[in-house]
Amino acid sequence: GENVEQHPSTLSVQEGDSAVIKCTYSDSASNYFPWYKQELGKRPQLIIDIRSNVGEKKDQRIAVTLNKTAKHFSLHITETQPEDSAVYFCAASIQSGFQKLVFGTGTRLLVSP
Amino acid sequence: DTGVSQDPRHKITKRGQNVTFRCDPISEHNRLYWYRQTLGQGPEFLTYFQNEAQLEKSRLLSDRFSAERPKGSFSTLEIQRTEQGDSAMYLCASSSRERLGVYEQFFGPGTRLTVL
């Protein structure tokens, strides 16, 4: 069925280090993969996304890579800062007549100064 | 604020009561989604509207749940005979065609429901 697995569930890094979060998806027809950042008590906010016709996308300190063959995609944050601390969710689109998103279970990132 | 708004932000109710939540999407967004998020989990899809038409409902949505979007603008989600298991954050999102084939979803702040 529709499933997105996300690892790790928690990630602690020192300020300035890199952080990597990995997700795998089950639907080979998935073609859109957004990443959301959710701070405590706030709404999920889109930080970066990638479409299936692209292997990598960068936006300043954030990058996402996609391996369609293996059906996995990853979020890379470089030069982490304390304000990067939040829960990060990956999602994959499921073709259901519309662009339905299935979310991973989230990764709590803690960046220590 | 021109983002997605939801009302109320918090709702505490007793088991068995009915509750209704409202979502106002970003102006002119024709697609609207409801999600449920429990602690430590990602948002789970509940239902989807394109304009005023409800085009899909998740199997998670029991017959106690009903959603409407009467004029293709705001939407309401009603839960009848609430149960403790309904306690969760209810998120609304909206989208429109911004890039070819991609419908970026913008989330509201959510309504946190607590059923006692």
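Below, the structure is looked at part by part. Values in this document were obtained by computation on a predicted structure and should not be read as measured data. (Residues numbered from 1 in each chain as written. Chains lettered and ligands numbered in written order. Predicted model: local features only at pLDDT ≥ 70, side-chain atom pairs only at ≥ 80, totals over all residues. Heavy atoms only, no water.)

## Section: the overall build of chain B
Selection rule: A run of H or I in DSSP becomes a helix once it reaches four residues, and a run of E becomes a strand once it reaches two; helices and strands are each numbered from the N terminus. Each radius of gyration is computed over the set of C-alpha atoms, and the globule rule expresses the reference value as 2.2 Å times the number of residues to the power 0.38. Only protein chains enter the accessibility calculation, which uses a 1.4 Å probe; a residue whose area is less than 20% of its type maximum is buried, one above 50% is exposed, and one in between is partly exposed. With residues, only the protein chains shown are counted as cover, and all accessible areas are computed by Shrake-Rupley using a 1.4 Å probe. Counted as positive: Lys and Arg. Counted as negative: Asp and Glu. His and the chain ends are not counted at all. In this description, the location of a charge corresponds to atom NZ of lysine, CZ of arginine, CG of aspartate or CD of glutamate.
The number of helices and strands found in chain B is 0 helices and 11 strands. Mapped in sequence order, the helices and strands of chain B form the string β-β-β-β-β-β-β-β-β-β-β. Relative to the compact-globule value of 13 Å for 116 residues, chain B shows a C-alpha radius of gyration of 14 Å, a close match. Dimensions of chain B along its principal axes, counting C-alpha atoms only, are 45 × 25 × 25 Å. Relative to its 116 residues, chain B shows a buried fraction of 48%. Approximately 5900 Å² of chain B is accessible, and the part contributed by carbon and sulfur atoms is 45%. On chain B, the mean spot of the 16 positive side-chain charges and the mean spot of the 14 negative ones are 4 Å from each other.

## Considerations on the interface of chain B and chain A
Selection criterion: Every residue pair with non-hydrogen atoms within 4.5 Å of one another is taken to be in contact. Two parts placed together each lose some accessible area; with a 1.4 Å probe, that loss summed over both constitutes the buried area. For this document, the term salt bridge refers to a Lys or Arg side-chain nitrogen within 4 Å of an Asp or Glu carboxyl oxygen.
At the junction of the two partners, chain B supplies 25 residues and chain A supplies 19 residues. Both sides together, the interface formed by chain B and chain A hides about 1900 Å², and carbon and sulfur atoms give 50% of it. Counting every contact that joins chain B to chain A gives 1 salt bridge. Lys100(A) is paired through a salt bridge with Glu56(B); the nearest N and O atoms lie 3.4 Å apart.

## Overview of the state of the cysteines
Test applied: Disulfides are defined in this document as cysteine sulfur pairs within 2.5 Å.
Applying the stated criterion to the full structure yields 2 disulfides over all chains. Two residues, Cys23(A) and Cys90(A), share a disulfide whose sulfurs are 2.0 Å apart. Taking the sign of the torsion about the S-S bond as the criterion, the disulfide between Cys23(A) and Cys90(A), at about -100 degrees, is left-handed. Taken together, the residues span a long stretch of sequence, with Cys23(A) in strand S3 (residues 19-25) and Cys90(A) in strand S9 (residues 86-95) at a distance of 67 residues. Classification of Cys90(A) as buried rests on a relative accessible area of 0%. Two residues, Cys23(B) and Cys92(B), share a disulfide whose sulfurs are 1.9 Å apart.

## A word on the sheet that holds strand S8 (residues 75-79) of chain B
All names here are of chain B. Heads up, the condition is: By definition, two strands form a pair when at least two bridges between them are found by DSSP. In this analysis an axis means a line fitted to C-alpha atoms, helices contributing only their contacting stretch, and an angle means the value between N-to-C directions, from 0 to 180 degrees.
In space, the 4 strands of this open sheet follow the order S1-S3-S8-S7, with antiparallel pairing throughout. One side of each edge strand has no neighbouring strand; the edge strands of this open sheet are strand S1 (5-7) and strand S7 (65-68). Each adjacent strand pair in this sheet contributes to an overall mean axis angle of 15 degrees, direction not counted. One ladder, built from 5 bridges, connects strand S3 (residues 19-24) with S8; its direction is antiparallel. Looking at the pairing, Val 19 lines up with Ile 79 of S8.

## Remarks on the environment of Arg43(A)
Test applied: In the analysis that follows, any N or O atom pair within 3.5 Å is treated as a polar contact, provided that within protein one partner can donate a hydrogen and the other can accept it, and provided that, for residues neighboring in sequence, both atoms belong to side chains.
If you trace the backbone, Arg43(A) turns up in the loop between strand S4 (32-38) and strand S5 (45-51). Separated by 3.1 Å, the side chain of Arg43(A) and the backbone oxygen of Phe107(B) make a polar contact.

## Here's the deal with the sheet that holds strand S7 (residues 62-67) of chain A
Residue and element names in this part refer to chain A. Taken together, the 5 strands give an open sheet; going across it, the order is S1-S3-S8-S7-S6, and neighbouring strands pair in antiparallel fashion. Here the strands that pair on one side only, and so sit at the sheet edges, are strand S1 (4-7) and strand S6 (56-59). Adjacent strand axes in the sheet meet at a mean angle of 15 degrees when their direction is disregarded. Looking at chain direction, S6 and S7 are connected through 4 bridges and run antiparallel. If you follow Asp 59 over to S7, its bridge partner there is Ile 62.

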